Amino acid sequence: MPLDLTLDLGTPAHLGRTVSVLLPLAVDGPYTYKVPAGMELAPGDIVRVPLGPREMIGAVWDDPVDPSVGHNRLRAVLHHYDSPPIDPSLRRFVDWVANYTLSQRGMVLRMVLRAPDALEPERAVAALRVTGKTPDRVTPSRQRVLDALAGGEPMPKSAVAAFAAVSSSVVNGLLEQGALEAVPLPPPPLTLPPEPDFARPTFDPGQDDAAKLLRASVDEETFSVTLIDGVTGSGKTEVYFEALAETLRMGKQALVLLPEIALTVDFLDRFARRFGHRPAEWHSEMPPRMRERVWRGVATGAVQAVVGARSALFLPFQKLGLVVVDEEHDTAYKQEEGVIYNARDMAVVRGHIGGFPVVLASATPSIESRVNADQGRYRRILLTARYAAAKLPEITPVDLRIDTPERGQFLAPSLVKAIEETIANKGQALLFLNRRGYAPLTLCRSCGHRFQCPNCSTWLVDHRFRGQLVCHHCGHNERRPDQCPVCDAEDSLVACGPGVERVAEEVATRFPDARRIVLSSDLLGGVKKMREEFDAIRNGAADIIIGTQLVAKGHNFPLLALVGVVDADLGLAHGDPRAAERTFQLLAQVTGRAGRAGGDSRALLQTYAPEHPVIAAIASGDREAFYAREIESRRIAVLPPFGRLAGIIISAADRATSYGYAMALRRTAPESGPVMVLGPSEAPLAVLRGRHRFRLLVQAPRSVDLQAFLRTWLAEAPAVRGSLRVQVDIDPQSFL
DNA sequence: AGGGGATATTAC
DNA sequence: TAATATCCCCTA
């Protein structure tokens, strides 16, 4: 039989249709796939495709198909999921974020497709009901099971077992005998719809104006950013809930972002008190099943309100109408691994692309947001009064040069006195020290040896409770020895400086009868224990709380009458350009814990530098003075002219900061030549300059001899070396 | 030669 | 990302 030579695979007429599919991989562009006959695909559709030896879920993307891939290499789409497509604004957002953060589009898509099983039809919950058939033997436990189901209503297996107080094997036995049968039960609704008018609060005039403004911005149905700048306890949450209510009334979805640590039951309950039901949650600790359900609910529009951590920003909302970023200054919004982004900034971008309002809220706004508000890019709402009867605490600096603690102790006499008075008045006292462990440094009195991390250039922190010396930078730990490893002297090791454990020790000696609780992220017992501790504090089962920055965030202490900051200067000496801002925020947040439920309260700041602008601003309550000064000192965003720049050396105290610099450079000097500044882990060269380590973040085509290039460049670029104080992110929204 | 470990490449 | 290819060092 002659071959059929009319079949010519090389002509377009026989090639069939193709689509671009973006896959959740570290690739920047989509791959091309054949569309099988009978399948209709449009951009945004979610598909399953073959990739090498495996299968993968991806999304049809807007890029034109790449004609350079030989048609013989193309494989066909396997399946088109019956799921709402990723809408155009989310697709644009993915592309935008990838471009801005210098990461591959596939990696950003991966954040959207975080719950792949959500695409499979939801499995019904298996429930049991009685068949009427009698088992061969009716034991008392079996009878209890039958009684439990006697009403005829099917019940999930675990519920039956629990209700009848039997083990699941008893239930299984009845199932085998045919006395019970399994029936599929539709899963209960994930969340009940929040009711915008469930419990409308009464506002004072300031709050009422703020709420009106927010409602109006929602009604505009267009992009805007509003910064709610309100002191702790001014009712920010209740005010932005009004924007949320308005969004819900318009039939749109709303997202509230919180720093992971603030995602507590407290907040969900607060939401429920205002809207009648808890919102859907989204964060890293969620069980996979729940995750899938939320993802699907958001995609179909069944879920109207989500409260989540930063990754919730990438959920496939069907009709998103509002994003609120609460505690917008919080550094937890910065993702430091994989795709490096700041969710606060990306929320603004998502609002811009989607054409809806974004609300940023904080008692201590970031410098970036303040600058944007000052320059008129953001609207600003100021809430200066505390809610109801609550008064701000009276804040006093304690000058440690005058009011000196006893040798080997860390609490100044005036702070000790304040604690005594507080306890005598049945109030609670919080001692805040942002340092875990017992002491930050251990040294040998006889030879001067200091315990240092073998991997990092940091001291090992004495964790006496655990009997270890720990590096807080890389996690390295070793047993705390009894004698000096260098000179073998016995009993010569001394702990220098305080950590929370040491403060707790001092408190135990001074106030033996006071009930103490130490709160630190590294204490044994985990989340459950921690929750119990917080409950105990709320119930008044503690007199003195000693804690790290854990206590500054998310939790309320209604009985708190005194806050003592053990070392208010801690952090101010850091080389980090944001050191002052961070310290200001932390001190404001921790002192703001006091007196929120009413009554007089005070805060004492132990310091060696009462005149330092940050300490002075906190003590006087003059926030404006701090902001004005800090904004001025950061106005250095002047970069040297780059011309044929290949890369830049960046002060890399933390990776995300250096990455931010890199991004700013890219935006400031887009013409910087063939070599692109990039993060994160590539460090082909490290230079030491003074005590700071600089990391070079450069990516170059393989053809470039980087080492040689950099040697030349460093020799020729003293101007660049001398201008390392580059400040960025002061204007993250310059793209708008 | 061949195993094991680290590192680079590739997938439509 | 995950599977696979490549390279390098080492032992036998």
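Owing to the predicted nature of the structure, the values given are computational and were not obtained by experimental measurement. Each chain carries its own residue numbering, running from 1 in the written order of its sequence. Here every chain gets a letter starting at A, and every ligand a number starting at 1, in the order they are written. A pLDDT threshold of at least 70 governs which residues receive local features in this predicted model, and a stricter bar of 80 or more applies before side-chain atom pairs are shown or counted, although totals over entire chains, interfaces and linings include all residues. Heavy atoms from the whole structure form the basis of all side-chain values; hydrogens and water molecules are not counted.

Engineer: Even after reading the chapter, I still don't get the overall build of chain A, so can you show me in this structure?
Structural biologist: Across its full length, chain A carries 20 helices and 33 strands. Buried, partly exposed and exposed residues are distinguished by accessible area as a fraction of the type maximum, computed with a 1.4 Å probe on protein chains only: under 20%, between the cut-offs, and over 50%, respectively. Looking at chain A as a whole, 50% of its 736 residues qualify as buried. Should any heavy atoms of two residues lie within 4.5 Å, those residues are counted as being in contact. Look at the contacts in chain A between residues 6 or more apart in sequence, and 73% of them connect residues 24 or more apart. All accessible-area figures derive from a Shrake-Rupley calculation using a 1.4 Å probe, and residue coverage is judged against the displayed protein chains alone. Accessible surface computed for chain A: about 34,300 Å², of which carbon and sulfur atoms make up 53%. In this description a helix means any DSSP run of H or I spanning at least four residues, a strand means any run of E spanning at least two, and both kinds are numbered starting from the N terminus.

Engineer: Honestly, the protein's contact with DNA strand C in this entry has me stumped. Any pointers?
Structural biologist: Nearness is judged by heavy atoms alone; a residue qualifies as near a molecule or strand once a single heavy atom is within 4 Å of it. Taken together, Leu25, Ala26, Pro53, Arg54, Met107 and Arg110 are the residues near DNA strand C. The sugar-phosphate portion of DNA strand C accounts for 50% of its atoms within 4 Å of the protein, the bases making up the rest. Take Arg54: an N or O atom from its side chain is 3.0 Å from a sugar or linking oxygen of DNA strand C. Residues adjacent in sequence count toward polar contacts only when both atoms are side-chain atoms; beyond that, a polar contact is any pair of N or O atoms within 3.5 Å, and within protein one must be able to donate a hydrogen and the other to accept it. At 3.0 Å, a side-chain N or O of Arg110 approaches a phosphate oxygen of DNA strand C.

Engineer: Would you explain unusual backbone geometry in this entry?
Structural biologist: Most peptide bonds adopt trans geometry, and most residues besides glycine take a negative phi value. Even without being glycine, Glu221 reaches a positive phi, approximately 50°. By the secondary structure assignment, Glu221 is in the loop between α6 (205–219) and β9 (224–230). Phi at Asp491 is positive, roughly 50°, even though this residue is not glycine.

Engineer: I would appreciate a short explanation of the UniProt feature "binding site: Zn(2+) 1" (unreviewed entry) in chain A in the present structure.
Structural biologist: UniProt positions are given in the numbering used here, feature names are shortened, and annotations may be inferred rather than shown by experiment. This chain's UniProt record puts "binding site: Zn(2+) 1" (unreviewed entry) on Cys444, Cys447, Cys484 and Cys487. These annotated residues cover 44 residues of sequence, and their C-alpha atoms all fall within 8.6 Å of one another, placing them together at a single site. Checked against the element boundaries, Cys444 lands in strand β20 (residues 441–444). Excluding its chain neighbours within four sequence positions, the residues that come into contact with Cys444 are His449, Cys484, Cys487, Ser492 and Leu493. If sequence neighbours within four positions are ignored, Cys487 has contacts with Cys444, Ser446 and Cys447.

Engineer: Looking at this model, I keep getting lost on the pattern of salt bridges. Mind explaining?
Structural biologist: Two side chains of opposite charge can pair, provided their charged atoms sit close to one another. By convention in these notes, a salt bridge is any Lys or Arg side-chain nitrogen within 4 Å of a carboxyl oxygen on Asp or Glu. For the coordinates displayed, the defined rule picks out 38 salt bridges. Between Lys252 and Glu221 there is a salt bridge, with its nearest N and O atoms 2.7 Å apart. Taken together, the residues span a long stretch of sequence, with Lys252 in the loop between α7 (236–249) and β10 (253–257) and Glu221 in the loop between α6 and β9 at a distance of 31 residues. Given the relative accessible area of 22%, Lys252 is considered partly exposed. Residue Arg515 is joined to Asp543 by a salt bridge in which the shortest nitrogen-to-oxygen separation is 2.9 Å. Taken together, the residues Arg515 in the loop between α13 (500–510) and β25 (516–519) and Asp543 in the loop between α14 (526–538) and β26 (544–547) connect sequence positions 28 residues apart. Among the charged side chains, a network of salt bridges with common partners joins Asp197, Arg200, Arg215, Glu242, Glu246, Arg249 and Arg274.

Engineer: Even after reading the chapter, I still don't get the protein's contact with DNA strand B, so can you show me in this structure?
Structural biologist: Near DNA strand B you find 12 residues, and of these Tyr31, Thr32, Gly52, Arg73 and Arg75 are the closest. At the protein interface, 54% of the atoms of DNA strand B within 4 Å belong to sugar or phosphate. Residue Tyr31 places a side-chain N or O atom 2.9 Å away from a base nitrogen belonging to DNA strand B. Contact between DNA strand B and Thr32: a base oxygen at 2.6 Å from a main-chain N or O atom of the residue. Of the residues forming the surface near DNA strand B, the biggest block, 3 residues, is contributed by strand β2 (residues 31–34). Considered class by class, the residues forming the surface near DNA strand B number 6 nonpolar, 2 polar and 4 charged. Put simply, Ala, Val, Leu, Ile, Met, Phe, Trp, Tyr, Cys and Pro go in the nonpolar bin, Asp, Glu, Lys and Arg in the charged bin, and everything else, Gly too, in the polar bin.

Engineer: So what exactly am I meant to see when it comes to the nonpolar core here?
Structural biologist: Side chains that are nonpolar tend, in soluble globular proteins, to be buried together. Nine residue types can take part in a nonpolar core, namely buried Ala, Val, Leu, Ile, Met, Phe, Trp, Tyr and Cys, and a core is a set of them joined through side-chain atoms within 4.5 Å. Counting 57 residues, the largest nonpolar core has Leu257, Trp295 and Leu313 as its most contacted members. Excluding residues within four positions of it along the chain, Leu313 makes contact with Phe93, Leu255, Leu257, Val323, Ala343, Met346, Ala347 and Arg350. The next biggest cluster of nonpolar side chains, apart from the first, holds 38 residues, and it includes Ala542, Leu550, Ala588 and Ile631.

Engineer: Is there a simple way to explain the packing of helix α3 (residues 140–148) against helix α5 (residues 168–177) in this structure?
Structural biologist: Between two packed helices, what matters for the description is the angle formed by their axes and the separation of those axes. Between N-to-C directions, angles span 0 to 180 degrees; the directions come from axes that are lines fitted to C-alpha atoms, helices contributing only their stretch in contact. Relative orientation of the contacting elements α3 and α5 amounts to 75°, with a least axis distance of 10 Å. Taken together, the axes of α3 and α5 are roughly perpendicular relative to one another. In contact with Ser141, Arg142, Val145 and Leu146 of α3, α5 contributes Val170, Val171, Gly173, Leu174 and Gln177. For this classification, under 35 degrees means roughly parallel, over 145 means roughly antiparallel, 65 to 115 means roughly perpendicular, and everything else is oblique.

Engineer: Explain α5 to me, please; I cannot follow it from the model alone.
Structural biologist: Given 3.6 residues per turn, any residue in an α-helix points the same way as the ones three and four places further on. Of the positions making up α5, those classed as buried are Val170, Val171, Gly173 and Leu174. Down the axis of α5, the sector holding all buried residues measures 155°, keeping them to one side. Close packing links the buried residues of α5 with β6 (125–130), α3, α4 (157–164) and β8 (180–185). Positive phi appears at Gly178, one or two residues downstream of α5, with a value of about 85°. Starting at the helix axis, one direction is taken to each C-beta atom, and the arc is that of these directions.

Engineer: What's the story with the pairing of strand β19 (residues 428–432) in this structure? I'm lost.
Structural biologist: Looking down a regular strand, the side chains alternate between one sheet face and the other. Summarising burial for β19: 5 of the 5 residues are buried, a large majority. Should DSSP find at least two bridges between two strands, the strands are regarded as paired. The pairing of β19 with strand β27 (residues 560–565) spans 5 bridges and is parallel. Paired with Leu430 across the bridge in β27 is Val563. Where β19 lies against β26, 4 bridges are found, and the strand directions are parallel. Within the sheet, the bridge partner assigned to Ala429 lies in β26 and is Ile544.

Engineer: Help me out: how do you make sense of the packing of α6 against α7 in this one?
Structural biologist: Two elements in contact, α6 and α7, have axes separated by 8 Å at closest approach and are oriented at 30°. Between α6 and α7, the angle falls in the class roughly parallel. The hand of the α6/α7 crossing is right-handed. Taking contact as the criterion, the partners of Gln207, Ala210, Ala211, Leu214, Arg215, Val218 and Asp219 in α6 are, on α7, Val239, Tyr240, Glu242, Ala243, Glu246, Thr247 and Arg249. Considering only residue class, the contact of α6 with α7 consists of 7 nonpolar, 2 polar and 5 charged. Crossings are classed by handedness, with left-handed meaning an anticlockwise turn of the near helix from the far one by less than a right angle and right-handed meaning a clockwise turn.

Engineer: Looking at this model, I keep getting lost on the sheet that holds strand β5 (residues 79–80). Mind explaining?
Structural biologist: Within a beta sheet, neighbouring strands are joined by backbone hydrogen bonds and run either parallel or antiparallel to one another. Across the sheet, 5 strands lie side by side as β2-β1-β4-β3-β5; this open sheet has antiparallel pairing. Looking at the sheet topology across the chains shown, the edges are occupied by β2 and β5. Here strand β1 (residues 18–22) runs beside strand β4 (residues 54–60); their pairing, made up of 2 bridges, is antiparallel. The partner of Val21 across the bridge, within β4, is Val60.

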